[in-house]
Amino acid sequence: LGNLALSAPLTAAESRVDQVRVTLRGLSEAPRANALRAIALRALRRDPNATPAQIERLHRRAPAQIRAALEPFGYYHVEVEASLARVGGRYEAVYT
């Protein structure tokens, strides 16, 4: 018999790697939380099947989603700067 090496299966936390990291800067707590919930791109965070085209399409929609989410807080003319970069094996989306 040869040598047999066994390894433990990955835990749920270890097997989930963010495909997309979303950062939102420049807002206080309540407006920021509402805006984050509105960004559809966040749904792809841990989707291993997310394609670059899906990520880019949802990233382009994010500024409008953020503006709409801020209106209930009295922000009606919001300018959102957006950037998307590939860093290592994932995408980094930043909104300010």
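Structural data are supplied above this passage.
Reading the values: rules and limits
Residues numbered from 1 in each chain as written. Predicted model: local features only at pLDDT ≥ 70, side-chain atom pairs only at ≥ 80, totals over all residues. Heavy atoms only, no water. Pairing = 2+ DSSP bridges. Helix = DSSP H or I, 4+ residues; strand = E, 2+ residues; numbered from the N terminus. Axes fitted to C-alpha atoms, helices over the stretch in contact; angles between N-to-C directions. Core = buried A, V, L, I, M, F, W, Y, C linked by side-chain atoms within 4.5 Å. Buried < 20%, exposed > 50% of the residue type's maximum accessible area, 1.4 Å probe, protein only. Contact = heavy atoms within 4.5 Å. Arc of directions from axis to C-beta. Parallel < 35°, antiparallel > 145°, perpendicular 65-115°, else oblique. Left-handed = near helix turned anticlockwise from the far one by under 90°. Nonpolar A, V, L, I, M, F, W, Y, C, P; charged D, E, K, R; others polar.

### A few points about the sheet that holds strand S1 (residues 20-24)
Okay, step 1: Taking strand neighbours across the sheet as the criterion, the three strands line up as S1-S3-S2 in an open arrangement whose pairing is mixed. Each edge of the open sheet carries a strand with a single partner, namely S1 and strand S2 (82-87). The average undirected angle you get between the axes of adjacent strands in this sheet is 15°.
Okay, step 2: Where S1 meets strand S3 (residues 90-95), five bridges bridge the pair, whose relative direction is parallel. From the neighbouring strand, Leu24 faces S3, where its bridge partner is Tyr95.

### A closer look at the nonpolar core
Okay, step 1: With 20 residues, the main nonpolar core has Val22, Ile39, Leu41, Ile66 and Tyr95 as its most contacted residues.
Okay, step 2: Elements represented by at least two residues in this core include exactly S1, helix H2 (29-38), helix H3 (52-70) and S3.
Okay, step 3: Examining the composition of this core, we find that six residues originate from one element, H3, more than from any other.
Okay, step 4: What Ile39 contacts, discounting residues up to four positions off in sequence, is Val22, Ala62, Gln65, Ile66 and Tyr95.

### Concerning H2
Okay, step 1: Within H2, the full set of buried residues consists of Pro31, Ala35 and Leu36. Each buried residue of H2 lies within a common arc of 135° when the element is viewed along its axis, so the set occupies one face. Away from its buried face, by an angle of more than 90 degrees, H2 presents the exposed residues Glu29 and Arg37.
Okay, step 2: Along its buried surface, H2 packs onto S1 and H3.

### Re the packing of H2 against H3
Okay, step 1: For the pair H2 and H3, the least separation of the axes is 8 Å and the interaxial angle reads 140°. Between H2 and H3, the angle falls in the class oblique. Between H2 and H3 lies a crossing of right-handed hand. Residues Pro31, Asn34, Ala35 and Ala38 of H2 pack against Gln65, Ile66, Ala69 and Leu70 of H3.
Okay, step 2: Residue classes in the contact of H2 with H3 are distributed as six nonpolar, two polar and no charged.

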